[in-house]
Amino acid sequence: MYLTKNEIEIMDVLWKENRPLSRGEILSLSVDKTWMDSSIHVLLNSMLAKGAIEEAGFAKCGKTCGRVYKAALSCEEYFASTFDSTKTKPDFPKLMKACIEKEGIDKDAAADLIAYLEQIIK
């Protein structure tokens, strides 16, 4: 799945909040957005069509009701899915090393990763 820069900005808000959000909430929480408020419908419809988000019901917004949206996949699932769009698959150990060197890793996360890898090789 490929998401545009603007769509990723919306996904970042949904991932950070970790709850269904209305269009208005997405607009108010998107403080550093690079897109215009009037584009929200186009962006949300595109993201629905791609399967990045899904409807999560309705919420009362003032005197009207509006749809609320939630992320259909986690941040990690999205980034893992981006490998499908390349012809060359990354070497997993090198990818993990690059991620750790770029972002760092704390002891708890390292322990979780080690435990998961040990489960796989047993």
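Read on for an overview of the structure.

So, how was this worked out
- Here the residue numbers are simple positions, counted from 1 along each chain's written sequence.
- In keeping with the predicted nature of the model, local features appear solely for residues at pLDDT of at least 70, side-chain atom pairs appear and are counted solely at 80 or more, and the whole-chain, interface and lining totals rest on all residues.
- The side-chain figures draw on all heavy atoms in the structure; neither hydrogens nor water molecules are used.
- Here the term patch refers to residues with relative accessible area over 30% and no salt bridge, with like charges joined within 9 Å and nonpolar side chains (Val, Leu, Ile, Met, Phe, Trp, Tyr) within 5 Å.
- Here the open area of atoms and residues is found with the Shrake-Rupley method and a 1.4 Å probe, where only the protein chains shown may cover a residue.
- Take a side-chain nitrogen of Lys or Arg and a carboxyl oxygen of Asp or Glu: if they are within 4 Å of each other, that pair is a salt bridge.
- For helices the rule is a DSSP run of H or I covering at least 4 residues; for strands it is a run of E covering at least 2, with both sets numbered from the N terminus onward.
- Burial here depends on accessible area, computed with a 1.4 Å probe over protein chains only, as a share of the maximum for the residue type. Under 20% is buried, over 50% is exposed, and the range in between is partly exposed.
- Grouping buried Ala, Val, Leu, Ile, Met, Phe, Trp, Tyr and Cys residues that are joined through side-chain atoms within 4.5 Å yields what is termed a nonpolar core.
- Contact criterion: two residues are considered in contact whenever any of their non-hydrogen atoms come within 4.5 Å of each other.

1. Things to note about a nonpolar patch on the surface
Consideration 1: There is a patch of nonpolar side chains on the surface, built from F92, Y116, L117, I120 and I121 and spanning about 560 Å² of accessible area.
Consideration 2: At 4 residues, helix 6 (residues 107–121) tops the list of elements feeding residues into the nonpolar patch.
Consideration 3: Structurally, the position occupied by I121 is in helix 6.

2. Some remarks on the pattern of salt bridges
Consideration 1: Applying the stated criterion to the full structure yields 8 salt bridges.
Consideration 2: Of the charged contacts in the structure, one is a salt bridge between R19 and E25, with a shortest N-O distance of 3.3 Å.
Consideration 3: In this structure E25 comes out as partly exposed when scored by relative accessible area, which is 27%.
Consideration 4: Where K102 meets E103, a salt bridge forms, and the shortest distance between an N and an O atom there is 3.2 Å.
Consideration 5: Look at K102 and you get exposed, because its relative accessible area is 68%.

3. Some details on the nonpolar core
Consideration 1: Residues I10, M11, L14, I26, I40, L44 and I53 are the most contacted members of the largest nonpolar core, which totals 19 residues.
Consideration 2: For this core, the secondary structure elements donating two or more residues are helix 1 (5–17), helix 2 (23–29) and helix 3 (40–50).
Consideration 3: If one sorts the elements of this core by residue count, helix 1 sits on top with 5 residues.
Consideration 4: Beyond its immediate stretch of four places on either side in the chain, L14 contacts R19, L21, I26, I53, Y69, K70 and A71.

Read these as layout, nothing more, since geometry by itself doesn't imply function.
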